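Listed here are the chains, written in short residue letters.
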Amino acid sequence: MDSYGSHCTKPACRSGQFRKPQTKFLVTLFTTMLVVCGKVNFINLSRYSNLSERTYRRQYQQDFEFAPLNQALVAEASRAGTVRLAVMDCSFVSKSGRATFGLDRFWNGCASRVATGLEVSVVGVVDVEGEQAYALSAEQTYAQSSLPEFSRMDQYLYHLDRVRPHLPPEVEYLAVDGAYAKESFVTGAVDLKLHVISKLRCDANLQFLYTGEQKRRGRPRKYAGKVDLSDVSRLTLVETVQPNVDLYTAVVWHVSLKRTIRLAYLVEHRHSTRVRTCLLFSTDIEQDPRQIVQYYKLRFQIEVRQPQYPHRRLRLHEKTGWDEIVSWAS
C-alpha cells in the first residue's frame, strides 16, 4: 500500500513475470492475510475478501516464484550502497496427524529437543548498517523418507543454490547457526562464492598451523599442535569487548571442515567459579574477528522475519545461543 491507500505493484509489474490477473490476486491475498482473524486458509480468506474459495484454490495450483518478487521488494525497501549480509535458518512448525506432506522429526529450538512436525528453511538478507532483515525465500524441508539419498544439509544447500542468483551482488558472507557447521554445507556455500560465518562446539578438533622453518628432507610440517581452548596463551588478544569479556583470534585448521578458518573466541570472566565461552569462525581467514562477532550477532535478525507460528511467540533471547552473543557482543 502506498501513502494514498492504493495498491503498489511496481516491483511485480517491472519484473515482467507476472500476469495482470495473478498480480491482482496476489495484492488481494497479501492484504487479506494482514486483516484475517483466525487461521489463514482458503475458507477464511474468502470471508474477508471478494474472492471465492474456488479462486484461491485455483490460483494456488499455479507455480509462482516468490524469490524474484522478494528480490525486487528488498531493492525497493533497502538503501542503495549499504553493506548486506545473507542469513539462513530453519523454523519448526508443530503439526499433528500423519498424512501431512513433509511430516518428520525436526529439531525444535524452543523446546531444545527433536519433535514431530514440519520445518521451513528461510534465506534472508540483512542490512548491516540499519540492522534490518528482509526475508528472501522460504521452502519447506522434505521428510527424510521422501528423499533418502539426500541428507538435510543437502536440502539446505540446494535451497541456498536456488536463491544465490537472487541475492544482492555485493553479498559476500552467509551467517548461519552452529547446526550448519558441517563440511558438506560449508564447502558447498564456499563454492557458491559465499564465506560462511557460524559457531563451533567448545570441543571442536582444531590444529595450529606450523609457520616455522621446514626441514630440507621429508614431508613438510603442516601443524603445530592441537588447539586447547582452555589455554589462550597461543591465541592473539584482539580487544576487551566488555569488562571481563575478551576477544581472541587465530588462523587454524579445522579437521572436520577440512579447511583453514579464522577464529573469533569470546571468553567471559565475570564469575570467579566458571568461565563462559563462545567460539565463532569464518571461512575468510582475512576477516576482522570483530566483524565476525558483529555479523553473527546480526544473524538473529532473521528470527523476527520467520513465520510467526505459536512456538515463535517466545522472547528472542530464549533461543539457544542468544544470551551469549547479546551479553558479549551487543
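First, a word on what this report is: a plain description of the structure on this page.

Conventions and cut-offs
Residues numbered from 1 in each chain as written. Predicted model: local features only at pLDDT ≥ 70, side-chain atom pairs only at ≥ 80, totals over all residues. Heavy atoms only, no water. Helix = DSSP H or I, 4+ residues; strand = E, 2+ residues; numbered from the N terminus. Contact = heavy atoms within 4.5 Å. Buried < 20%, exposed > 50% of the residue type's maximum accessible area, 1.4 Å probe, protein only. Pairing = 2+ DSSP bridges. Polar contact = N/O pair within 3.5 Å; in protein donor to acceptor, adjacent residues only side chain to side chain. Phe/Tyr/Trp six-rings, centres within 6.5 Å; stacked < 30°, edge-to-face > 60°.

1. Some thoughts on the environment of leucine 136
Next, step 1: As for its placement among the helices and strands, leucine 136 is situated in strand β4 (residues 132-140).
Next, step 2: Spatially, the C-alpha atom of leucine 136 lies 5.7 Å from that of valine 123, the residues being 13 residues apart in sequence.
Next, step 3: Non-local contacts of leucine 136, meaning those with residues more than four positions away in its chain, are made with Phe66, Ala67, Asn70, Gln71, Val123, Gly124, Val125, Val163, His166 and Leu167.

2. Considerations on the pairing of strand β1 (residues 84-94)
Next, step 1: Most of β1 is tucked away, with ten of its eleven residues classed as buried.
Next, step 2: By the bridge criterion, eleven bridges tie β1 to strand β3 (residues 113-127) in an arrangement that is antiparallel. If you follow serine 94 over to β3, its bridge partner there is glycine 117.
Next, step 3: The pairing of β1 with strand β5 (residues 173-175) spans two bridges and is classified as parallel. For valine 87, the partnering residue across the bridge sits in β5 and is alanine 175.

3. Some thoughts on the side chain of glutamine 207
Next, step 1: Position of glutamine 207 among the secondary structure elements: in strand β7 (residues 206-209).
Next, step 2: Reaching out from glutamine 207, the side chain makes a polar contact with the backbone nitrogen of lysine 226 at a distance of 3.4 Å.
Next, step 3: When sequence neighbours within four positions are dropped, the list of residues in contact with glutamine 207 reads Tyr223, Gly225, Lys226, Val227, Val252, Trp253 and Val255.

4. Some thoughts on the packing of aromatic side chains
Next, step 1: Per the stated rule, a full pass over the model turns up ten aromatic pairs.
Next, step 2: Between the aromatic rings of phenylalanine 30 and phenylalanine 66, the centroid separation amounts to 6.5 Å while the plane-to-plane angle is 50°, which identifies the pairing as tilted. Here phenylalanine 66 lies in helix α5 (residues 66-77) and phenylalanine 30 lies in helix α2 (residues 20-35), a separation of 36 residues in the sequence.
Next, step 3: In this structure phenylalanine 30 comes out as partly exposed when scored by relative accessible area, which is 35%.
Next, step 4: Note on phenylalanine 66: relative accessible area 38%, which makes it partly exposed.
Next, step 5: Pairing tyrosine 173 with tyrosine 295 gives two aromatic rings, centres 5.6 Å apart and planes at 65°, and the pair type is edge-to-face. Taken as a pair, tyrosine 173 in strand β5 and tyrosine 295 in helix α8 (residues 289-298) lie far apart in primary sequence, 122 residues in all.
Next, step 6: Residue classification places tyrosine 173 among the buried residues on the basis of a relative accessible area of 11%.
Next, step 7: Classification of tyrosine 295 by relative accessible area gives buried; the value is 5%.

5. Things to note about unusual backbone geometry
Next, step 1: Residue lysine 193 is not a glycine yet carries a positive backbone phi of 65°.
Next, step 2: Tracing the backbone through its elements, the reader meets lysine 193 in the loop between α7 (183-191) and β6 (195-200).
Next, step 3: Taking relative accessible area as the criterion, lysine 193 reaches 69% and is therefore assigned exposed.
Next, step 4: At lysine 258, a residue that is not glycine, the phi angle is positive and equals roughly 60°.
Next, step 5: Inspection of the secondary structure puts lysine 258 in the loop between β10 (245-254) and β11 (259-268).

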